[in-house]
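Examination of the molecular architecture
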Amino acid sequence: MNDLTPGHPSPRGCQLVGANRKAKESSRRKDSSSLFSFNLKSVSSLVGEQVVLPCSLKNDLGDVPPPACHIQWRVLSETVFEKRDKQKWEADEYKGRVEVPEESLGSGDCSLIINDVQIRDTGRYESFMLVDGEWPRTRVFIQSVKLSVFDHKLSLVKHPGEDLVLDLFTSHSVQVVFQGRNSSQWTVLWMKHDENSDRVEEEVSRGQVRLQSLQSSDGGTYKVLDEHGLTISTVQLSVIGRSTALKFQQNSDDAALAGDAAGVGGSALLIWSALLTVLLTLL
C-alpha cells in the first residue's frame, strides 16, 4: 500500500475523537477488532447482487473524515480495498467490484459497496481509518460486518417439448451440470465459450442458457457453477407429460365432485329424517 502512504505526515495530523481514540494502534500489533466485537453487523445476499457493508464515521471521527486519514477494508488478514481521495487499491479477486463512493465518504459514510457478489465473498469484513504519514501506520477500528452469500434455489415443473431457461446471474458462471433423478453422476451440460450443441445454447445478451425440447429423462437437478466450482444456482426440474398432468387434474376434479355429491346426499338424508320424526310425532 505504499502508493497510498505519503512520505511526510500532514502538519495537522488525524484528529481522533470519541471511544476509538483508545483503539489507536500500530499495524504491526494485533488488530483492534477483537475489542469491538459488539459492533458486528450481519448482511446477506444472493450471488450476483449488489451488497452494501455499512460503515459510518459520524460517531467516531466527526462529521467529515480528516484529510490526513483514509479508509481501509479488510477480510481476515487480507486487504480488500483502500481509498484516499481519488486514489484507490483493490485486491485482485475484488477488482472492478468494490467501491466507497467519494460523495458518500465526504459525509462520513464509509460503507463498502460490492457489486456482483460471489459465494467466495462470504466472510467477516472490518473497516479501519488509517493515519497517513506515520510509520508504523496508525489504524483505528470502525466496524465489523459479517457477509453471507447464498446460491439461488428454484423448483420447476415443465412438460415435454417445452424449454428450460437457466439464469446465469453473474459473469463468473462458467458451467452448467446435470444429475438425473436416478443417477449419481453429474454431466456437464454447458461450458462458457464452448459452441452451442443441438439442444443447448447460450443467450449471451440475456445471461441465460436454454435447454430446448425437454424430454421426460431431463428431469433432475441442474447446477450453475463458477470458476471455483462453487454453486451459483440450483434448479430442481420435474418433466411431466401433459396426459399425466391432465389425469392428475381429472382425478382432483372427480374427488371434488364426489365430495360435493356426498354433501348433497347427506343433506337430503337429514331432511328426510327430520320429516319422518315430525310425522311420527303427529301420529
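Quick summary incoming for the structure in this document. Worth saying up front: this structure is predicted, and the values here are computed from it rather than measured.

**Considerations on the overall build of the chain**
Along its length, the chain carries three helices and 18 strands. Total accessible area on the chain is roughly 16400 Å²; 54% of this is exposed by carbon and sulfur atoms.

**A few points about the nonpolar core**
Nonpolar side chains in soluble globular proteins tend to end up buried together. Core analysis: the largest hydrophobic core is formed by 46 residues, its most contacted members being Leu53, Trp73, Leu112, Ile114, Tyr125 and Leu147. The element contributing the most residues to this core is strand S10 (residues 138-150), with five residues. Among residues more than four places away in sequence, those in contact with Ile114 are Glu49, Gln50, Val51, Leu53, Arg97, Val98, Asp121, Tyr125 and Leu147.

**So, the state of the cysteines**
This model, assessed by the stated rule, comprises one disulfide. Bridging Cys55 to Cys110, the disulfide has an S-S length of 1.8 Å. Here the disulfide of Cys55 and Cys110 is left-handed, its torsion about the S-S bond being about -70 degrees. Taken together, the positions of Cys55 in the loop between strand S3 (51-53) and helix H1 (58-61) and Cys110 in the loop between helix H2 (102-105) and strand S8 (112-114) put the pair 55 residues apart, joining distant regions of the chain. In this pair, the class of Cys55 matches that of Cys110, namely buried.

**Describing the sheet that holds strand S13 (residues 173-180)**
Strand pairing in a sheet relies on backbone hydrogen bonds, with the paired strands running either antiparallel or parallel. Strand order in this open sheet of five strands is S11-S18-S17-S13-S14, and the pairing throughout is mixed. Where the open sheet ends on each side, the last strands, each with one partner, are strand S11 (152-158) and strand S14 (187-191). Put simply, the sheet's adjacent strands are angled 20 degrees from each other on average, direction ignored. By the bridge criterion, six bridges tie strand S17 (residues 220-226) to strand S18 (residues 231-239) in an arrangement that is antiparallel.

**Observations regarding the side chain of His152**
Its location among the elements puts His152 in strand S11. His152 gets classed as buried once you look at its relative accessible area, which sits at 14%. A distance of 2.8 Å separates the side chain of His152 from the backbone oxygen of Val47, its partner in a polar contact.

**Some points on the pattern of salt bridges**
For the structure on display, the rule yields 11 salt bridges. Notably, a salt bridge pairs Glu227 with Arg120, separated by 3.8 Å at the nearest N-O pair. Of this pair, Glu227 sits in the loop between S17 and S18 while Arg120 sits in the loop between S8 and strand S9 (123-131), and the two are 107 residues apart along the sequence. A salt bridge links Arg124 to Glu126; the shortest N-O distance between them is 3.7 Å. The class for Arg124 is partly exposed, based on a relative accessible area of 34%. Residues joined by salt bridges that share partners form a network here, namely Lys83, Lys88, Glu99 and Glu102.

Conventions adopted
- Within each chain, residue numbers correspond to sequence positions counted from 1 in written order.
- Local features are withheld for residues below a pLDDT of 70 in this predicted model, meaning they are given only at 70 or higher, and side-chain atom pairs are given and counted only at 80 or more; totals for whole chains, interfaces and linings count all residues.
- Values reported for side chains reflect all heavy atoms of the structure, with hydrogen atoms and water molecules removed beforehand.
- Starting at the N terminus, helices and strands are each numbered in turn, a helix being any DSSP run of H or I of at least four residues and a strand any DSSP run of E of at least two.
- Working definition of accessibility: Shrake-Rupley area with a 1.4 Å probe, residue cover restricted to the visible protein chains.
- Buried Ala, Val, Leu, Ile, Met, Phe, Trp, Tyr and Cys residues form a nonpolar core when they are joined through side-chain atoms within 4.5 Å.
- Only protein chains enter the accessibility calculation, which uses a 1.4 Å probe; a residue whose area is less than 20% of its type maximum is buried, one above 50% is exposed, and one in between is partly exposed.
- Whether two residues are in contact is decided by their heavy atoms: any pair within 4.5 Å suffices.
- Any pair of cysteine sulfurs within 2.5 Å is marked as a disulfide.
- Here, any two strands with at least 2 DSSP bridges between them count as paired.
- Axis definition: a line fitted to C-alpha atoms, over the contacting stretch in the case of helices. Angles run 0 to 180 degrees between N-to-C directions.
- The term polar contact refers here to a pair of N or O atoms within 3.5 Å; inside protein, the definition further demands a hydrogen-donor-capable atom paired with an acceptor-capable atom, and it admits residues adjacent in sequence only when both atoms are side-chain atoms.
- One side-chain nitrogen of Lys or Arg within 4 Å of one carboxyl oxygen of Asp or Glu is enough to make a salt bridge.

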